[in-house]
Structures are given as C-alpha cells and as structure tokens.
Amino acid sequence: QVQLVESGGGLVQAGGSQRLSCAASGSIFSIAAMAWYRQAPGKQRELVAAATSLGSTDYVDSVKGRFTISRHEAKNMVYLQMNNLKPEDTAVYYCNAVVTTTPTSLPRDYWGQGTQVTVSS
C-alpha cells in the first residue's frame, strides 16, 4: 500500500503565501509523477500543477507565475509554493502520485486526504 500525507494549508489573506507539502510512503518502487489537484465547493476537481520524474512541470493557466511545484525524489515528497494567493484559490488541495509498487506492476494513482486552503479577501 501507498500513503500520501499532506501538510500545510489553512487560512491566509489575499496576496499572501503558503506552502503545501506531501510525503509518499509505503510500497514504492518508483514514482512517475506527483501533482496537486484542488476542488472548490460546487466545482470539479482540477489539476493545479504536476511534476514528472523527468523534471518537467505543468500548471493550470490560472496559477502560472504564482505557484511553483517541486519534488524531492529521494524523499518521495512534493511541494507546492503558492504566492500572491487570491480568494479564487480557496479549495481543498489534494496530493496525487503515479506510483509503481513493484518492478513488474502497472502504475496507478494514489491520493492524499486533502488539505483546506482558504484565502480571505
């Protein structure tokens, strides 16, 4: 089994910054990619940022220039640095990892429990 545990989040004023962390543990052979998703009330979950094991990153347009995703591959961790936060960034943020648990298994998605980020205006 694989577990993802997020930390960070909370209440911040508009224009402020926050850093989310996510640690993956358990039966991990390799992690192809780690990402952050978010889900606001009444909206679908959306991909915020992703980072692959090859070093490439991608962001949803609404956070480009404000958010930065980074990975510490040796520690199986991923971070999301969020700057210049806006009220529309308010959501539950979920960590995601594409994990292979053995040399012959297929990769599958794992999810964290989510952490609330609330940006006040």
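Residues numbered from 1 in each chain as written. Predicted model: local features only at pLDDT ≥ 70, side-chain atom pairs only at ≥ 80, totals over all residues. Heavy atoms only, no water.

**Q** Please explain the packing of aromatic side chains as it appears in this structure.
**A** Within a pair of aromatic rings, the relevant descriptors are the distance that separates the centres and the angle that separates the planes. Tallied over the entire structure, the rule returns one aromatic pair. Between tyrosine 37 and tryptophan 111 the ring centres are 4.9 Å apart and the planes differ by 65°, which places this aromatic pair in the edge-to-face class. Here tyrosine 37 is found in strand S4 (residues 30-39), whereas its partner tryptophan 111 is found in strand S10 (residues 108-111), with 74 residues between them in sequence. For tryptophan 111, a relative accessible area of 36% gives the class partly exposed. (Phe/Tyr/Trp six-rings, centres within 6.5 Å; stacked < 30°, edge-to-face > 60°. Helix = DSSP H or I, 4+ residues; strand = E, 2+ residues; numbered from the N terminus. Buried < 20%, exposed > 50% of the residue type's maximum accessible area, 1.4 Å probe, protein only.)

**Q** Just to check I follow, could you spell out the pairing of strand S11 (residues 115-120) for this structure?
**A** The side chains of a regular strand alternate between both faces of the sheet. Residues of S11 alternate between two faces, with Thr115, Val117 and Val119 buried on one and Gln116, Thr118 and Ser120 left unburied on the opposite face. In this structure, strand S2 (residues 10-13) lies alongside S11, joined through four bridges in parallel fashion. Bridge pairing in S11 places glycine 10 opposite valine 117. Relative to S11, strand S9 (residues 91-100) runs antiparallel, the two being bridged by three bridges. Across the sheet, valine 92 pairs through a bridge with glutamine 116, a residue of S11. (Pairing = 2+ DSSP bridges.)

**Q** Mind showing me how you'd approach the side chain of serine 21 here?
**A** Residue position: serine 21 is located in strand S3 (residues 18-26). Classification of serine 21 as buried rests on a relative accessible area of 12%. Those residues within four positions of serine 21 in sequence are excluded, and the remaining contacts are Val5, Glu6, Ser7, Trp36, Met77, Val78 and Tyr79. (Contact = heavy atoms within 4.5 Å.)

**Q** Would you take a moment to explain the sheet that holds strand S8 (residues 77-82) for this structure?
**A** Hydrogen bonding along the main chain pairs the strands of a sheet, whether they run parallel or antiparallel. Taken together, four strands build an open sheet; the order of strands is S1-S3-S8-S7 and the sheet is antiparallel. Every interior strand has two partners, whereas the edge strands, strand S1 (2-7) and strand S7 (67-72), have only one. Strand-to-strand, the axes of this sheet are offset by a mean angle of 15°, without reference to chain direction. (Axes fitted to C-alpha atoms, helices over the stretch in contact; angles between N-to-C directions.)

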